[in-house]
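Now for the letters of each chain:
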Amino acid sequence: MADATPASRNRVVDLLRGAAILVVCLGHWLMAAVYVDGDGGLHRAGLLGQATWIHPVTWALQVMPVFFLVGGYANAISWRAARERGTTYGGWLRARLRRLVLPLLPLMLFWAVVAPAAHALGVSASTLRIASMASLVPTWFLAVYVLVVAIAPATLALWERWGWWSVLAGTVLAGIVDAVSISQDLLLVGFLNYVLVWGTVHQLGYAWRDGALGSTALRLAMAAVGLAGLLLLVGVGPYAVSMVGVNGHGVDNSYPARVTLLFLGFLQAGVVMALEPRLQRLVAHRRVWMATILVNARIMTIYLWHLTALTFVVAGSLALDGFGLGLTPDTGTWWATRPLWFAVLAVVTTALVALMGRFEQPAADDRPAPPAARPLLAVVTVCAPLAIMADLGIASTDGTVNWWLPWLPIVAAAATGVLRRPRALR
(Lines give C-alpha, C1' and ligand atoms only; values in the text may rest on other atoms or scores of the structure.)
Protein backbone atom coordinates (compact mmCIF):
# COMPACT_ATOMS: atom_id res chain seq x y z
CA MET A 1 0.00 0.00 0.00
CA ALA A 2 2.86 2.37 0.79
CA ASP A 3 4.49 1.76 -2.57
CA ALA A 4 1.20 2.20 -4.42
CA THR A 5 0.38 5.58 -2.85
CA PRO A 6 -0.19 8.20 -5.58
CA ALA A 7 2.02 11.26 -5.52
CA SER A 8 -1.08 13.49 -5.40
CA ARG A 9 -2.12 12.24 -1.95
CA ASN A 10 -1.52 14.62 0.92
CA ARG A 11 0.09 12.21 3.37
CA VAL A 12 0.13 14.84 6.12
CA VAL A 13 -3.65 14.43 6.47
CA ASP A 14 -3.20 10.75 7.28
CA LEU A 15 -0.23 11.44 9.54
CA LEU A 16 -2.21 13.95 11.60
CA ARG A 17 -5.20 11.63 11.87
CA GLY A 18 -3.03 8.73 13.06
CA ALA A 19 -0.98 10.82 15.47
CA ALA A 20 -4.11 12.40 16.93
CA ILE A 21 -5.68 9.02 17.69
CA LEU A 22 -2.58 7.99 19.63
CA VAL A 23 -2.70 11.24 21.62
CA VAL A 24 -6.37 10.57 22.40
CA CYS A 25 -5.60 7.07 23.66
CA LEU A 26 -2.77 8.23 25.91
CA GLY A 27 -4.84 11.14 27.15
CA HIS A 28 -7.83 8.99 28.05
CA TRP A 29 -5.67 6.36 29.75
CA LEU A 30 -3.97 9.08 31.76
CA MET A 31 -7.00 11.19 32.69
CA ALA A 32 -9.15 8.27 33.90
CA ALA A 33 -6.88 7.83 36.96
CA VAL A 34 -8.58 4.63 38.09
CA TYR A 35 -7.46 3.27 41.47
CA VAL A 36 -8.45 0.82 44.19
CA ASP A 37 -8.62 1.98 47.82
CA GLY A 38 -7.59 0.07 50.91
CA ASP A 39 -10.98 -1.61 51.15
CA GLY A 40 -10.84 -2.86 47.59
CA GLY A 41 -13.29 -0.26 46.28
CA LEU A 42 -12.88 0.92 42.68
CA HIS A 43 -12.71 4.66 42.06
CA ARG A 44 -12.24 6.88 39.04
CA ALA A 45 -10.46 9.93 40.39
CA GLY A 46 -10.36 12.00 37.24
CA LEU A 47 -6.86 13.45 37.02
CA LEU A 48 -8.02 16.91 35.98
CA GLY A 49 -10.01 17.25 39.17
CA GLN A 50 -6.93 16.59 41.28
CA ALA A 51 -4.03 17.98 39.25
CA THR A 52 -5.08 21.49 38.25
CA TRP A 53 -1.54 22.19 37.02
CA ILE A 54 -2.23 19.96 34.03
CA HIS A 55 -5.20 22.04 32.80
CA PRO A 56 -3.13 24.18 30.38
CA VAL A 57 -1.62 20.99 28.91
CA THR A 58 -5.08 20.06 27.61
CA TRP A 59 -4.64 22.76 24.96
CA ALA A 60 -2.34 20.22 23.32
CA LEU A 61 -4.00 17.00 24.52
CA GLN A 62 -7.50 17.97 23.34
CA VAL A 63 -6.91 17.08 19.70
CA MET A 64 -10.49 16.66 18.53
CA PRO A 65 -10.12 19.84 16.42
CA VAL A 66 -7.42 18.05 14.42
CA PHE A 67 -9.84 15.20 13.68
CA PHE A 68 -12.46 17.56 12.35
CA LEU A 69 -9.85 19.51 10.39
CA VAL A 70 -8.61 16.41 8.55
CA GLY A 71 -12.21 15.19 8.31
CA GLY A 72 -13.14 18.34 6.41
CA TYR A 73 -10.20 17.86 4.07
CA ALA A 74 -11.14 14.22 3.38
CA ASN A 75 -14.90 14.80 3.12
CA ALA A 76 -14.40 17.60 0.60
CA ILE A 77 -12.47 15.19 -1.62
CA SER A 78 -15.01 12.41 -1.09
CA TRP A 79 -18.15 14.44 -1.83
CA ARG A 80 -16.65 16.20 -4.84
CA ALA A 81 -15.60 12.84 -6.28
CA ALA A 82 -19.13 11.52 -5.68
CA ARG A 83 -20.62 14.53 -7.49
CA GLU A 84 -18.36 13.95 -10.47
CA ARG A 85 -19.39 10.27 -10.64
CA GLY A 86 -23.06 11.17 -10.38
CA THR A 87 -23.44 9.41 -7.01
CA THR A 88 -26.51 10.56 -5.13
CA TYR A 89 -26.39 11.99 -1.63
CA GLY A 90 -28.15 8.91 -0.27
CA GLY A 91 -25.60 6.57 -1.83
CA TRP A 92 -22.67 8.67 -0.65
CA LEU A 93 -23.95 9.01 2.93
CA ARG A 94 -24.71 5.29 3.25
CA ALA A 95 -21.16 4.49 2.13
CA ARG A 96 -19.72 6.92 4.68
CA LEU A 97 -21.92 5.47 7.42
CA ARG A 98 -20.78 1.94 6.61
CA ARG A 99 -17.16 3.00 7.19
CA LEU A 100 -18.01 4.79 10.44
CA VAL A 101 -20.79 2.70 11.97
CA LEU A 102 -19.87 -0.91 11.16
CA PRO A 103 -16.76 -0.89 13.42
CA LEU A 104 -19.03 0.32 16.23
CA LEU A 105 -21.42 -2.64 16.14
CA PRO A 106 -19.09 -5.27 17.69
CA LEU A 107 -18.51 -2.89 20.64
CA MET A 108 -22.25 -2.48 21.09
CA LEU A 109 -22.76 -6.25 20.92
CA PHE A 110 -20.00 -6.77 23.47
CA TRP A 111 -21.63 -4.46 26.02
CA ALA A 112 -25.13 -5.76 25.24
CA VAL A 113 -23.99 -9.23 26.28
CA VAL A 114 -21.37 -8.52 28.94
CA ALA A 115 -23.24 -5.91 31.02
CA PRO A 116 -26.30 -8.05 31.93
CA ALA A 117 -24.17 -11.20 32.23
CA ALA A 118 -21.73 -9.52 34.62
CA HIS A 119 -24.61 -8.10 36.65
CA ALA A 120 -26.19 -11.56 36.89
CA LEU A 121 -22.86 -12.94 38.15
CA GLY A 122 -22.75 -10.42 40.98
CA VAL A 123 -20.95 -7.38 39.58
CA SER A 124 -22.59 -4.32 41.13
CA ALA A 125 -24.50 -1.83 39.01
CA SER A 126 -22.25 0.96 40.31
CA THR A 127 -19.14 -0.85 39.05
CA LEU A 128 -20.81 -1.50 35.70
CA ARG A 129 -21.79 2.15 35.53
CA ILE A 130 -18.19 3.27 36.04
CA ALA A 131 -16.89 0.69 33.56
CA SER A 132 -19.44 1.39 30.84
CA MET A 133 -19.22 5.18 31.16
CA ALA A 134 -15.43 5.00 30.90
CA SER A 135 -15.51 2.56 28.00
CA LEU A 136 -18.18 4.31 25.96
CA VAL A 137 -16.81 7.85 26.17
CA PRO A 138 -15.48 7.54 22.57
CA THR A 139 -18.99 7.16 21.21
CA TRP A 140 -19.76 10.85 21.77
CA PHE A 141 -17.16 11.80 19.16
CA LEU A 142 -18.51 9.28 16.72
CA ALA A 143 -22.06 10.58 17.16
CA VAL A 144 -21.01 14.20 16.58
CA TYR A 145 -18.73 13.32 13.69
CA VAL A 146 -21.49 11.35 11.97
CA LEU A 147 -23.75 14.42 12.24
CA VAL A 148 -21.05 16.65 10.75
CA VAL A 149 -20.47 14.18 7.91
CA ALA A 150 -24.20 14.05 7.17
CA ILE A 151 -24.31 17.82 6.60
CA ALA A 152 -20.93 17.96 4.81
CA PRO A 153 -22.41 18.46 1.30
CA ALA A 154 -24.38 21.44 2.60
CA THR A 155 -21.47 22.97 4.52
CA LEU A 156 -19.16 22.41 1.55
CA ALA A 157 -21.65 24.27 -0.62
CA LEU A 158 -21.57 27.14 1.91
CA TRP A 159 -17.79 27.18 1.74
CA GLU A 160 -17.77 27.12 -2.07
CA ARG A 161 -20.28 29.98 -2.19
CA TRP A 162 -19.18 32.19 0.70
CA GLY A 163 -15.66 31.10 1.61
CA TRP A 164 -14.34 32.60 4.85
CA TRP A 165 -17.66 34.34 5.48
CA SER A 166 -19.11 30.91 6.25
CA VAL A 167 -16.40 30.37 8.88
CA LEU A 168 -17.05 33.79 10.37
CA ALA A 169 -20.80 33.12 10.46
CA GLY A 170 -20.25 29.80 12.24
CA THR A 171 -18.01 31.47 14.80
CA VAL A 172 -20.50 34.27 15.49
CA LEU A 173 -23.41 31.83 15.80
CA ALA A 174 -21.42 29.63 18.18
CA GLY A 175 -20.68 32.68 20.31
CA ILE A 176 -24.37 33.65 20.39
CA VAL A 177 -25.37 30.13 21.42
CA ASP A 178 -22.84 30.24 24.25
CA ALA A 179 -24.01 33.67 25.38
CA VAL A 180 -27.62 32.51 25.60
CA SER A 181 -26.82 29.10 27.07
CA ILE A 182 -24.49 30.39 29.78
CA SER A 183 -26.27 33.62 30.72
CA GLN A 184 -29.69 31.97 30.90
CA ASP A 185 -28.39 28.66 32.32
CA LEU A 186 -29.88 26.75 29.38
CA LEU A 187 -27.66 23.71 28.96
CA LEU A 188 -29.76 22.24 26.14
CA VAL A 189 -29.31 25.37 24.02
CA GLY A 190 -25.57 24.87 24.31
CA PHE A 191 -25.86 21.50 22.59
CA LEU A 192 -26.40 23.35 19.30
CA ASN A 193 -22.71 24.08 19.41
CA TYR A 194 -21.82 20.45 18.87
CA VAL A 195 -22.77 21.11 15.27
CA LEU A 196 -21.78 24.79 15.04
CA VAL A 197 -18.37 24.46 16.69
CA TRP A 198 -17.26 21.20 15.11
CA GLY A 199 -18.94 22.00 11.83
CA THR A 200 -16.97 25.25 11.62
CA VAL A 201 -13.68 23.49 12.43
CA HIS A 202 -14.65 21.06 9.66
CA GLN A 203 -14.87 24.11 7.35
CA LEU A 204 -11.20 24.78 8.05
CA GLY A 205 -10.49 21.43 6.41
CA TYR A 206 -12.20 22.72 3.26
CA ALA A 207 -10.04 25.83 3.42
CA TRP A 208 -6.92 23.68 3.72
CA ARG A 209 -7.95 21.50 0.80
CA ASP A 210 -8.64 24.50 -1.43
CA GLY A 211 -5.43 26.33 -0.57
CA ALA A 212 -7.25 29.24 1.05
CA LEU A 213 -4.38 29.59 3.52
CA GLY A 214 -1.50 29.09 1.14
CA SER A 215 1.31 30.85 2.97
CA THR A 216 2.92 30.05 6.29
CA ALA A 217 2.33 33.63 7.41
CA LEU A 218 -1.44 33.31 6.94
CA ARG A 219 -1.48 29.98 8.75
CA LEU A 220 0.41 31.42 11.69
CA ALA A 221 -1.96 34.40 11.67
CA MET A 222 -4.91 32.03 12.08
CA ALA A 223 -3.08 30.30 14.94
CA ALA A 224 -2.53 33.71 16.53
CA VAL A 225 -6.25 34.52 16.24
CA GLY A 226 -7.05 31.22 17.93
CA LEU A 227 -4.56 31.80 20.74
CA ALA A 228 -5.75 35.38 21.33
CA GLY A 229 -9.37 34.27 21.39
CA LEU A 230 -8.62 31.49 23.86
CA LEU A 231 -6.65 33.77 26.18
CA LEU A 232 -9.45 36.34 26.13
CA LEU A 233 -12.24 33.81 26.69
CA VAL A 234 -10.42 32.02 29.49
CA GLY A 235 -8.81 35.07 31.08
CA VAL A 236 -11.77 37.47 30.97
CA GLY A 237 -14.68 35.17 30.23
CA PRO A 238 -16.23 32.45 32.37
CA TYR A 239 -14.61 29.48 30.65
CA ALA A 240 -12.36 26.88 32.29
CA VAL A 241 -8.68 26.70 31.36
CA SER A 242 -9.02 22.97 30.71
CA MET A 243 -10.21 22.10 27.22
CA VAL A 244 -11.29 18.71 28.58
CA GLY A 245 -14.38 18.73 30.78
CA VAL A 246 -13.79 19.20 34.50
CA ASN A 247 -16.23 20.38 37.15
CA GLY A 248 -15.71 23.32 39.45
CA HIS A 249 -13.18 25.32 37.44
CA GLY A 250 -15.35 27.51 35.24
CA VAL A 251 -17.70 26.78 32.36
CA ASP A 252 -17.08 23.27 31.00
CA ASN A 253 -15.62 23.63 27.51
CA SER A 254 -16.60 20.22 26.16
CA TYR A 255 -20.04 19.41 27.62
CA PRO A 256 -21.56 20.87 25.60
CA ALA A 257 -18.95 22.07 23.11
CA ARG A 258 -18.19 25.75 23.62
CA VAL A 259 -16.79 28.44 21.36
CA THR A 260 -13.46 28.01 23.16
CA LEU A 261 -13.00 24.71 21.30
CA LEU A 262 -13.55 26.55 18.03
CA PHE A 263 -10.74 28.97 18.84
CA LEU A 264 -8.64 25.99 19.90
CA GLY A 265 -9.40 24.65 16.41
CA PHE A 266 -8.08 27.88 14.84
CA LEU A 267 -4.95 27.58 16.96
CA GLN A 268 -4.26 23.91 16.26
CA ALA A 269 -5.18 24.12 12.57
CA GLY A 270 -2.88 27.11 12.07
CA VAL A 271 0.02 25.37 13.80
CA VAL A 272 -0.24 22.01 12.02
CA MET A 273 -0.78 23.69 8.64
CA ALA A 274 2.27 25.89 9.23
CA LEU A 275 4.24 22.71 9.95
CA GLU A 276 2.93 20.99 6.82
CA PRO A 277 6.19 21.26 4.79
CA ARG A 278 8.19 19.66 7.61
CA LEU A 279 5.55 17.01 8.17
CA GLN A 280 5.58 16.22 4.46
CA ARG A 281 9.28 15.52 4.64
CA LEU A 282 8.76 13.34 7.71
CA VAL A 283 5.97 11.23 6.25
CA ALA A 284 7.85 10.83 2.97
CA HIS A 285 10.09 8.31 4.76
CA ARG A 286 8.85 4.86 3.85
CA ARG A 287 8.75 3.45 7.39
CA VAL A 288 6.91 6.49 8.74
CA TRP A 289 4.38 6.25 5.92
CA MET A 290 3.91 2.50 6.48
CA ALA A 291 3.26 3.10 10.19
CA THR A 292 0.80 5.86 9.26
CA ILE A 293 -1.06 3.51 6.92
CA LEU A 294 -1.17 0.81 9.59
CA VAL A 295 -2.72 3.09 12.21
CA ASN A 296 -5.21 4.63 9.78
CA ALA A 297 -6.32 1.22 8.53
CA ARG A 298 -7.57 0.42 12.05
CA ILE A 299 -8.18 3.90 13.38
CA MET A 300 -11.86 3.46 14.28
CA THR A 301 -11.18 0.17 16.05
CA ILE A 302 -8.33 1.69 18.05
CA TYR A 303 -10.50 4.63 19.02
CA LEU A 304 -13.61 2.65 19.91
CA TRP A 305 -11.89 -0.13 21.88
CA HIS A 306 -9.01 1.59 23.70
CA LEU A 307 -11.12 2.38 26.77
CA THR A 308 -12.74 -1.04 26.81
CA ALA A 309 -9.15 -2.30 26.94
CA LEU A 310 -8.84 -0.19 30.08
CA THR A 311 -11.90 -1.97 31.47
CA PHE A 312 -10.33 -5.36 30.79
CA VAL A 313 -7.15 -4.36 32.63
CA VAL A 314 -9.12 -2.98 35.58
CA ALA A 315 -11.27 -6.13 35.73
CA GLY A 316 -8.12 -8.25 35.77
CA SER A 317 -6.71 -6.14 38.58
CA LEU A 318 -9.89 -6.49 40.63
CA ALA A 319 -9.73 -10.27 40.17
CA LEU A 320 -6.23 -10.07 41.68
CA ASP A 321 -7.34 -7.97 44.68
CA GLY A 322 -6.50 -4.67 43.03
CA PHE A 323 -2.98 -5.57 41.90
CA GLY A 324 -1.35 -2.62 40.16
CA LEU A 325 -4.11 -0.13 40.98
CA GLY A 326 -3.27 0.70 44.58
CA LEU A 327 -1.32 3.87 43.84
CA THR A 328 -2.91 7.24 44.58
CA PRO A 329 -3.19 9.33 41.41
CA ASP A 330 -0.93 12.38 40.94
CA THR A 331 1.77 11.11 43.30
CA GLY A 332 5.39 10.70 42.27
CA THR A 333 5.19 6.90 42.21
CA TRP A 334 1.96 7.02 40.24
CA TRP A 335 3.55 9.23 37.55
CA ALA A 336 6.68 7.05 37.44
CA THR A 337 4.57 3.98 36.64
CA ARG A 338 2.58 5.61 33.81
CA PRO A 339 4.86 4.30 31.02
CA LEU A 340 4.26 0.74 32.25
CA TRP A 341 0.53 1.50 32.50
CA PHE A 342 0.51 2.73 28.89
CA ALA A 343 2.44 -0.32 27.71
CA VAL A 344 0.01 -2.79 29.31
CA LEU A 345 -2.99 -0.97 27.85
CA ALA A 346 -1.35 -0.77 24.43
CA VAL A 347 -0.84 -4.54 24.39
CA VAL A 348 -4.47 -5.23 25.31
CA THR A 349 -5.73 -2.67 22.79
CA THR A 350 -3.56 -4.24 20.08
CA ALA A 351 -5.08 -7.64 20.81
CA LEU A 352 -8.61 -6.20 20.54
CA VAL A 353 -7.73 -4.44 17.29
CA ALA A 354 -6.40 -7.71 15.88
CA LEU A 355 -9.75 -9.35 16.68
CA MET A 356 -12.11 -6.55 15.69
CA GLY A 357 -10.21 -4.62 13.04
CA ARG A 358 -11.67 -6.50 10.09
CA PHE A 359 -14.97 -4.64 10.56
CA GLU A 360 -13.23 -1.54 9.19
CA GLN A 361 -13.08 -3.22 5.80
CA PRO A 362 -16.74 -3.63 4.78
CA ALA A 363 -17.53 -5.71 1.74
CA ALA A 364 -18.24 -3.89 -1.50
CA ASP A 365 -21.80 -2.59 -1.56
CA ASP A 366 -23.44 -3.15 -4.93
CA ARG A 367 -26.96 -2.21 -3.83
CA PRO A 368 -28.78 0.65 -5.56
CA ALA A 369 -28.45 4.00 -3.85
CA PRO A 370 -31.17 4.50 -1.24
CA PRO A 371 -33.42 7.53 -0.90
CA ALA A 372 -31.69 10.19 1.18
CA ALA A 373 -34.23 9.74 3.97
CA ARG A 374 -32.93 6.27 4.88
CA PRO A 375 -29.32 7.13 5.71
CA LEU A 376 -30.50 10.34 7.37
CA LEU A 377 -32.79 8.25 9.56
CA ALA A 378 -29.78 6.04 10.31
CA VAL A 379 -27.84 9.10 11.47
CA VAL A 380 -30.54 10.01 13.98
CA THR A 381 -31.34 6.52 15.25
CA VAL A 382 -27.69 5.49 15.63
CA CYS A 383 -26.43 8.74 17.16
CA ALA A 384 -29.16 9.24 19.76
CA PRO A 385 -28.46 6.09 21.81
CA LEU A 386 -24.71 6.66 21.46
CA ALA A 387 -25.07 10.08 23.05
CA ILE A 388 -27.12 8.61 25.91
CA MET A 389 -24.61 5.85 26.62
CA ALA A 390 -21.62 8.20 26.45
CA ASP A 391 -23.29 10.43 29.04
CA LEU A 392 -24.95 7.90 31.34
CA GLY A 393 -23.31 4.54 30.68
CA ILE A 394 -25.37 1.38 30.67
CA ALA A 395 -26.20 1.05 34.37
CA SER A 396 -28.41 3.61 36.12
CA THR A 397 -27.80 5.12 39.55
CA ASP A 398 -30.83 3.19 40.87
CA GLY A 399 -29.08 -0.13 40.19
CA THR A 400 -30.84 -0.91 36.91
CA VAL A 401 -28.80 -2.29 34.02
CA ASN A 402 -30.20 -0.90 30.76
CA TRP A 403 -29.13 -3.91 28.71
CA TRP A 404 -31.28 -2.81 25.76
CA LEU A 405 -29.42 0.45 25.08
CA PRO A 406 -26.48 -1.08 23.12
CA TRP A 407 -28.94 -2.97 20.94
CA LEU A 408 -30.49 0.24 19.61
CA PRO A 409 -27.61 1.25 17.27
CA ILE A 410 -27.41 -2.35 16.00
CA VAL A 411 -31.13 -2.49 15.24
CA ALA A 412 -31.01 1.00 13.70
CA ALA A 413 -28.10 0.07 11.43
CA ALA A 414 -29.91 -3.06 10.26
CA ALA A 415 -33.30 -1.41 9.79
CA THR A 416 -31.94 1.53 7.78
CA GLY A 417 -29.73 -0.52 5.48
CA VAL A 418 -26.32 0.49 6.84
CA LEU A 419 -25.84 -3.12 7.88
CA ARG A 420 -26.45 -5.39 4.91
CA ARG A 421 -28.72 -8.36 5.32
CA PRO A 422 -27.20 -11.82 4.61
CA ARG A 423 -27.76 -12.98 1.03
CA ALA A 424 -30.10 -15.73 2.17
CA LEU A 425 -32.48 -13.15 3.64
CA ARG A 426 -32.52 -10.75 0.69
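Structure: see above.
Residues numbered from 1 in each chain as written. Predicted model: local features only at pLDDT ≥ 70, side-chain atom pairs only at ≥ 80, totals over all residues. Heavy atoms only, no water.

1. Considerations on the pattern of salt bridges
Then, number 1: Scanning all chains against the criterion turns up 13 salt bridges.
Then, number 2: Put simply, Arg 17 and Asp 14 hold a salt bridge, and the shortest N to O gap is 3.2 Å. With Arg 17 and Asp 14 both in helix H1 (residues 11-32) and three residues apart, this pair spans about one turn of that helix. Across this residue pair, the class does not change: Arg 17 and Asp 14 are buried.
Then, number 3: Note that Asp 366 is salt-bridged to Arg 420, the shortest N-O span being 3.3 Å. (Salt bridge = Lys/Arg side-chain N within 4 Å of Asp/Glu carboxyl O. Helix = DSSP H or I, 4+ residues; strand = E, 2+ residues; numbered from the N terminus. Buried < 20%, exposed > 50% of the residue type's maximum accessible area, 1.4 Å probe, protein only.)

2. Comments concerning helix H4 (residues 64-85)
Then, number 1: With 22 residues, H4 should cover 32 Å at 1.5 Å per step; its first-to-last C-alpha distance of 31 Å lies within 8% of that length.
Then, number 2: Extensive coverage of H4 is indicated by the burial of 16 of its 22 residues.
Then, number 3: Looking one or two places after H4, you find Gly 86, whose phi comes out positive at around 85°. (Expected span 1.5 Å × (residues − 1).)

3. Some words on the nonpolar core
One broad rule of soluble globular proteins: the nonpolar side chains tend to lie buried together.
Then, number 1: Within the largest apolar cluster, 121 residues are counted, with the highest numbers of intra-cluster contacts made by Phe 67, Trp 198 and Trp 208.
Then, number 2: Top contributing element to this core by residue count: helix H17 (residues 299-319), with eleven residues.
Then, number 3: If sequence neighbours within four positions are ignored, Trp 208 has contacts with Asn 10, Val 12, Val 13, Leu 16, Leu 69, Val 70, Tyr 73, Arg 219, Met 273 and Glu 276.
Then, number 4: Of all hydrophobic cores here, the second largest spans nine residues; its members include Met 31, Leu 48, Ile 54 and Trp 334. (Core = buried A, V, L, I, M, F, W, Y, C linked by side-chain atoms within 4.5 Å. Contact = heavy atoms within 4.5 Å.)

4. Observations concerning helix H20 (residues 373-392)
Then, number 1: Over its 20 residues, H20 extends 29 Å from the first C-alpha to the last, a length consistent with the 28 Å expected when each residue adds 1.5 Å.
Then, number 2: Two residues or fewer past H20, Gly 393 is found with a positive phi of approximately 75°.

5. Observations regarding the packing of aromatic side chains
Then, number 1: Counted according to the given criterion, the structure contains 21 aromatic pairs.
Then, number 2: Measuring from ring centre to ring centre gives 5.4 Å for Phe 67 and Phe 141, while their planes differ by 50°; the resulting arrangement is tilted. Placement of the pair is Phe 67 in helix H4 and Phe 141 in helix H8 (residues 138-150), with a sequence separation of 74 residues. The residues Phe 67 and Phe 141 share a single accessibility class, namely buried.
Then, number 3: Consider the rings of Trp 140 and Tyr 194, whose centres lie 6.3 Å apart with planes at 45°: the pair is tilted. With a gap of 54 residues between them, Trp 140 in helix H8 and Tyr 194 in helix H12 (residues 193-209) connect regions that are remote in the sequence.
Then, number 4: A residue is classified by how much of its surface remains accessible, and Trp 140, at 23% relative accessible area, is partly exposed. (Phe/Tyr/Trp six-rings, centres within 6.5 Å; stacked < 30°, edge-to-face > 60°.)

6. As for the side chain of Thr 139
Then, number 1: Relative to the helices and strands, Thr 139 is located in helix H8.
Then, number 2: With a relative accessible area of 2%, Thr 139 lands in the buried category.
Then, number 3: Apart from residues lying up to four places away in sequence, Thr 139 is in contact with Leu 104, Met 108, Leu 386 and Ala 390.

7. Observations regarding the packing of helix H5 (residues 89-101) against H8
Then, number 1: Contact pair H5 / H8: the axes reach a minimum separation of 10 Å and the direction vectors enclose 160°. Classed by the angle they form, the pair H5 and H8 counts as roughly antiparallel. Here H5 and H8 pass one another in a crossing that is right-handed. On the side of H5, the interface is formed by Tyr 89, Trp 92, Leu 93, Arg 96, Leu 97 and Leu 100, while H8 contributes Leu 142, Tyr 145, Val 146, Val 149 and Ala 150. (Axes fitted to C-alpha atoms, helices over the stretch in contact; angles between N-to-C directions. Parallel < 35°, antiparallel > 145°, perpendicular 65-115°, else oblique. Left-handed = near helix turned anticlockwise from the far one by under 90°.)

8. A few points about a nonpolar patch on the surface
Then, number 1: Together, Leu 158, Trp 162, Trp 165, Leu 168, Val 172, Leu 173, Ile 176, Val 180 and Leu 186 line one region of the surface with nonpolar side chains, adding up to about 880 Å² of accessible area.
Then, number 2: For the nonpolar patch, the secondary structure elements donating two or more residues are helix H9 (152-162) and helix H10 (164-183).
Then, number 3: Residue contributions to the nonpolar patch peak at six residues, all from H10.
Then, number 4: For Leu 158, the location among the structural elements is in helix H9. (Patch = residues over 30% accessible without salt bridge, like charges linked within 9 Å, V, L, I, M, F, W, Y side chains within 5 Å. Areas by Shrake-Rupley, 256 points an atom, 1.4 Å probe, with all protein chains shown as cover.)

Note that every value here comes from positions in space, so none of it alone points to a role or purpose.
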